[in-house]
Amino acid sequence: MEEVVKISSDDDLYENDIVAKAAFENFGIKYLFPWQRLVIANILEANEWIKLMQTMSEEEKLLFEKENNDSFCKGRQIVLLPTGAGKSLCFQVPALIFDGPTLVIYPLLALMSDQQRRMESGNLQSVLFKGGQTDDERENNFRKLKNGAKIILANPEVLQSERLIARLKTVGIRHIAIDEAHCVSEWGDSFRAAYLGLGKVIEELNPPVITAFTATASAGVLDRVSQILFNGAAHIVRSESDRQNIHYYVVNAGAKAKEALVLAKKELKPMIIFCGTRDKTENMARKLNMCFGADTARYYHAGMEKQQKEETEKWFYESKTGILCATCAYGMGVDKKDIKTVVHLEPPETAEAYIQEAGRGGRDGSIAKAILLWSLNDSLAFGLHGENSRQAYIKRFAETEDCRRQVLLDALGGEQAVCSGCDLCEARMKKKKTAYVADWKMTYSIVKRCKNFYSEEELEEEVSRRMGQKFQKELGLNVWNNSDSVDVVQQLKQSGKITESNFLWKGKLKAIGP
């Protein structure tokens, strides 16, 4: 449990604490966590440091820098705070105190709009710059800034406009905050080159303070972010990486969508099921509604109309029993605090992405489950990456026999931790078998026990029979198809776990390995 700094309106310190006062009067926040205090202090002190240095001669600047070399973050910091730690307050509170606006750079338009609504409900006036705006809309934004608007919201793409940057240089920006800063590395080198141009944007605007915020970043990602944004010179502020209230589980399943139906019935809601494609979100939601009744689930992805997205967000935000089938488009910036279960139908590419998405659960501090569905196809696909690659940590997480939580912490270069909850450590404590046996493990055990007994077709029939009984018992209906059995058997063959025998047993199957 983190120590908190409590502030009340009756406290004698309140009137002298401008940070606590701003948080309380504008957002109703009665306390700030120590990490928030530290980050805010860095931002405010760096701003004052820059202002002070502007009054000095060159000799005085050199002497001041030498004497205070280790005392300041010098206005360039990367902040790692776990999801739900309240990072938004770290730039919103200083924005209320500064005499000039703060520019906040977000990765997604939907996130920008959502944050603008939240800020203005807290008496923090903001303006939003995005592509496709008319000259009148832009001019209206600049009028608001002239009249005291405190926050400028923008995405990397719109900031590539030289004309817009020229205007922003005139408004006296005091602080640039880059939210979800791991996207600088994740997306800048792939499909959003505008992220690589943020270093130039920062150089052009040259504010006293720049802060990059992220919930998850390995050493390699941190280094890349530092190079792009700060030319390699950044102060790192890192809280503990471990979200102890999130408990990690892996379910080995070949027919993942069918197994997700079981999880949807037995696990606590509200629930998110992350899917790899837009089509899969729609198909998964359709299956859930067919099994459990209309409006049990809805889907969310980037291809939806704005109104449909807003309706889905509102439905899920207010629901206590809903299941949302979503792509990663719903991952960043979600503020629903009572999500109890996060299921991944497909694994994300990196451990950072998995931690980020799993961190949607339990933001109210309650226990939440993060369940990864893992197939033999996943094992083969992630096995193609180098042993020390960022992608390799996902395979290590799914297939470890030690502690899943520690694998994730290792991926971030984080601390050693006593596990507060994963399926493997829980099983060791209870001295029982660890893995929940789903389709492909059950199929493998059939072949192993009955060597050279089943042909491929016979095995598929036996699997269909057994899995049909399983789903009838667990769901009250049989959702298993023969095509599911075919897929599971093919995964076992392709992974080399089962193979056809030769000679007397030609055409019959046998298991490979222990």
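How each quantity is defined
- Residue numbers restart at each chain and count upward from 1, following the sequence in its written direction.
- The predicted nature of this model means local features are confined to residues of pLDDT at least 70 and side-chain atom pairs, given and counted, to a pLDDT of 80 or more, with totals for whole chains, interfaces and linings taken over all residues.
- Hydrogens are left out, water is left out, and the side-chain values use all remaining heavy atoms of the structure.
- Working definition: rings of Phe, Tyr and Trp (its six-membered ring) pair if their centres are within 6.5 Å, and the pair is stacked with planes under 30 degrees apart, edge-to-face with planes over 60 apart, and tilted otherwise.
- Secondary structure follows DSSP: runs of H or I at least 4 residues long count as helices, runs of E at least 2 residues long count as strands, and numbering of each begins at the N terminus.
- Should the NZ of a Lys or the CZ of an Arg lie within 6 Å of a ring centre and within 35 degrees of the ring normal, that charge is described as sitting over the ring.
- Categorising residues by exposure relies on relative accessible area from a 1.4 Å probe, with only protein chains included: less than 20% of the type maximum marks a residue as buried, more than 50% marks it as exposed, and the intermediate range marks it as partly exposed.
- Two strands pair under a simple rule: DSSP has to find at least two bridges between them.
- Here a crossover is taken to be right-handed if, once the strands point away from the viewer, the path from the first strand over the helix to the second is traced clockwise.
- Pairs of cysteine sulfur atoms within 2.5 Å are what we label disulfides.
- The criterion is simple. A nonpolar core is a set of buried Ala, Val, Leu, Ile, Met, Phe, Trp, Tyr and Cys residues joined through side-chain atoms within 4.5 Å.
- Note on contacts: a residue pair qualifies if any of its non-hydrogen atoms lie within 4.5 Å across the two residues.
- Only the stretch in contact is used when fitting a helix axis, every axis being a line fitted to C-alpha atoms; angles between N-to-C directions are given from 0 to 180 degrees.
- Residue-level confidence of the predictor is what pLDDT reports, using numbers from 0 through 100.
- Should an angle fall under 35 degrees it is called roughly parallel, over 145 degrees roughly antiparallel, and 65 to 115 degrees roughly perpendicular, with every other angle called oblique.
- Left-handed describes a crossing whose near helix is turned anticlockwise from the far helix by less than a right angle; the clockwise case is right-handed.
- Residue count minus one, scaled by 1.5 Å, sets the expected span of a helix.
- In this description, the arc belongs to the directions extending from the helix axis to the C-beta atoms.
- The salt bridge criterion pairs a side-chain nitrogen of Lys or Arg with a carboxyl oxygen of Asp or Glu, the two atoms within 4 Å.

**Q** Residues and numbers for the packing of aromatic side chains, please.
**A** Centre-to-centre distance and the angle between the planes together describe a pair of aromatic rings. Tallied over the entire structure, the rule returns 9 aromatic pairs. Between Tyr248 and Tyr354, the aromatic rings sit 6.3 Å apart at their centres with planes inclined by 45°, giving tilted as the arrangement. Of this pair, Tyr248 sits in strand 10 (residues 246-252) while Tyr354 sits in helix 14 (residues 351-358); the two residues are 106 residues apart in sequence, bridging distant segments of the chain. Of the aromatic side chains, those joined through ring pairs into one cluster are Tyr248, Tyr354 and Phe397. The lysine or arginine in question, Arg167, covers the ring of Phe142, its NZ or CZ lying 4.1 Å from the ring centre. Positioned above the aromatic ring of Phe471 is the side chain of Lys470, whose terminal nitrogen or guanidinium carbon lies 5.5 Å from the ring centre.

**Q** Pulling in residues and values, what's your account of the pairing of strand 15 (residues 368-374)?
**A** Summarising burial for strand 15: 6 of the 7 residues are buried, a large majority. Taken together, the 7 bridges between strand 10 and strand 15 define a ladder with parallel strand orientation. Paired with Tyr249 across the bridge in strand 15 is Ile371. Two strands pair when backbone bridges link them, and strand 14 (residues 341-344) and strand 15 are joined in this way by 4 bridges, in the parallel orientation. Across the sheet, Val342 pairs through a bridge with Ala370, a residue of strand 15. Regarding the hand of the β-α-β motif, the stretch spanning strand 14, helix 14 and strand 15 is right-handed.

**Q** Help me get a handle on the state of the cysteines, residues and values and all.
**A** In this structure the tally under the stated criterion is 0 disulfides. With no disulfide of its own, Cys275 lies closest to Cys325 among cysteine sulfurs, the gap being 5.3 Å.

**Q** Any details on the nonpolar core? Residues and values, ideally.
**A** Across soluble globular proteins, nonpolar side chains show a tendency to be buried alongside one another. Counting residues in each nonpolar core, the largest one holds 67 residues, and the members touching the most others are Leu103, Phe129, Leu159, Leu168, Ile176, Ile178 and Leu229. Broken down by element, this core gets its largest block of residues, 6 residues, from helix 10 (residues 219-230). With sequence-adjacent residues up to four places away left out, Leu229 is seen in contact with Ile178, Val184, Leu198, Gly199, Ile202 and Ala212. Grouped together as the second largest cluster of nonpolar side chains are 42 residues, Met271, Cys325, Met442 and Leu475 included.

**Q** How would you sum up unusual backbone geometry? Please name residues and give values.
**A** That bond from Lys269 to Pro270 is cis: its omega, 0°, falls within 30 degrees of zero. Here Pro270 is to be found in the loop between helix 11 (256-266) and strand 11 (271-274). For Asn206, which is not glycine, the phi dihedral falls at a positive 45°. Secondary-structure assignment places Asn206 in the loop between helix 9 (198-205) and strand 8 (209-214). According to the relative accessible area criterion, Asn206 is exposed, its value standing at 54%.

**Q** Quick rundown of helix 11? Include the residues and the values.
**A** Burial runs high along helix 11: 8 of the 11 residues are buried. Of the positions making up helix 11, those classed as buried are Lys256, Lys258, Glu259, Ala260, Leu261, Val262, Leu263 and Ala264.

**Q** How would you explain the sheet that holds strand 15 if you had to name every residue and give the values?
**A** Spatial strand order, 10-15-14-11-13-12: 6 strands in an open sheet with parallel pairing. Across the chains shown, the open sheet's two edge strands, defined by having one partner strand only, are strand 10 and strand 12 (297-300). When strand polarity is set aside, the average angle formed by the axes of neighbouring strands in this sheet is 20°. Of the strand pairs in this sheet, strand 12 and strand 13 (residues 323-326) are connected by 4 bridges, and their pairing is parallel.

**Q** Account for the confidence of the model for the protein chain, naming residues and giving values.
**A** Parts of the prediction with low pLDDT should not have their coordinates interpreted in detail. For the protein chain, per-residue confidence averages 85 on the pLDDT scale, and 89% of positions sit at 70 or higher. Per-residue pLDDT stays below 50 along residues 1-10; that stretch engages in 24 contacts with residues further than four places along the chain or on separate chains.

**Q** Explain the packing of helix 20 (residues 456-475) against helix 21 (residues 482-494) to me, using residue names and the numbers behind them.
**A** Put simply, helix 20 and helix 21 touch, their axes get as near as 9 Å, and they point 125° apart. Looking at the two axes, helix 20 sits oblique to helix 21. Like other packed secondary-structure pairs, helix 20 and helix 21 cross with a definite hand, here right-handed. Here helix 20 contributes Glu456, Leu459, Glu460, Val463 and Ser464 to the contact with helix 21, which in turn contributes Asn482, Ser485, Val486, Val489, Gln490 and Lys493.

**Q** Outline helix 6 (residues 135-146), listing residues and values.
**A** The terminal C-alpha atoms of helix 6 lie 17 Å apart, and with 12 residues this matches the ideal 16 Å at 1.5 Å per residue to within 8%. Three or more residues of helix 6 are buried, namely Arg138, Asn141, Phe142 and Leu145. Looking down the long axis of helix 6, one finds its buried residues gathered within 95° of arc, a one-sided arrangement. Opposite the buried face of helix 6, at more than 90 degrees from it, the exposed residues are Asp136 and Lys146. Buried residues along helix 6 sit against strand 5 (126-128), strand 6 (151-154) and helix 7 (162-168). One or two steps after helix 6, the chain reaches Gly148, where phi turns positive at roughly 115°.

**Q** Let's hear about the pattern of salt bridges: which residues, and what values?
**A** One pass over the structure, following the stated rule, counts 25 salt bridges. Here Asp484 ties to Lys258 by a salt bridge, and the two come within 2.5 Å at their closest N and O atoms. With Asp484 in helix 21 and Lys258 in helix 11, the pair connects residues that are 226 residues apart, well separated along the chain. Note on Asp484: relative accessible area 12%, which makes it buried. With a shortest N-O distance of 3.0 Å, Lys395 and Glu399 are connected by a salt bridge.

**Q** Just give me the short version of the sheet that holds strand 5, but keep the residues and values in it.
**A** If you trace the 7 strands from one edge of the open sheet to the other, you get 5-6-4-7-8-3-9, paired in parallel fashion. Strands at the two margins of the open sheet, each flanked by one partner only, are strand 5 and strand 9 (235-238). Recorded for the sheet is a direction-independent mean angle of 20° between the axes of neighbouring strands. Both strand 4 (residues 102-105) and strand 6 contribute to a ladder of 4 bridges, which runs parallel. For Thr102, the partnering residue across the bridge sits in strand 6 and is Ile151.

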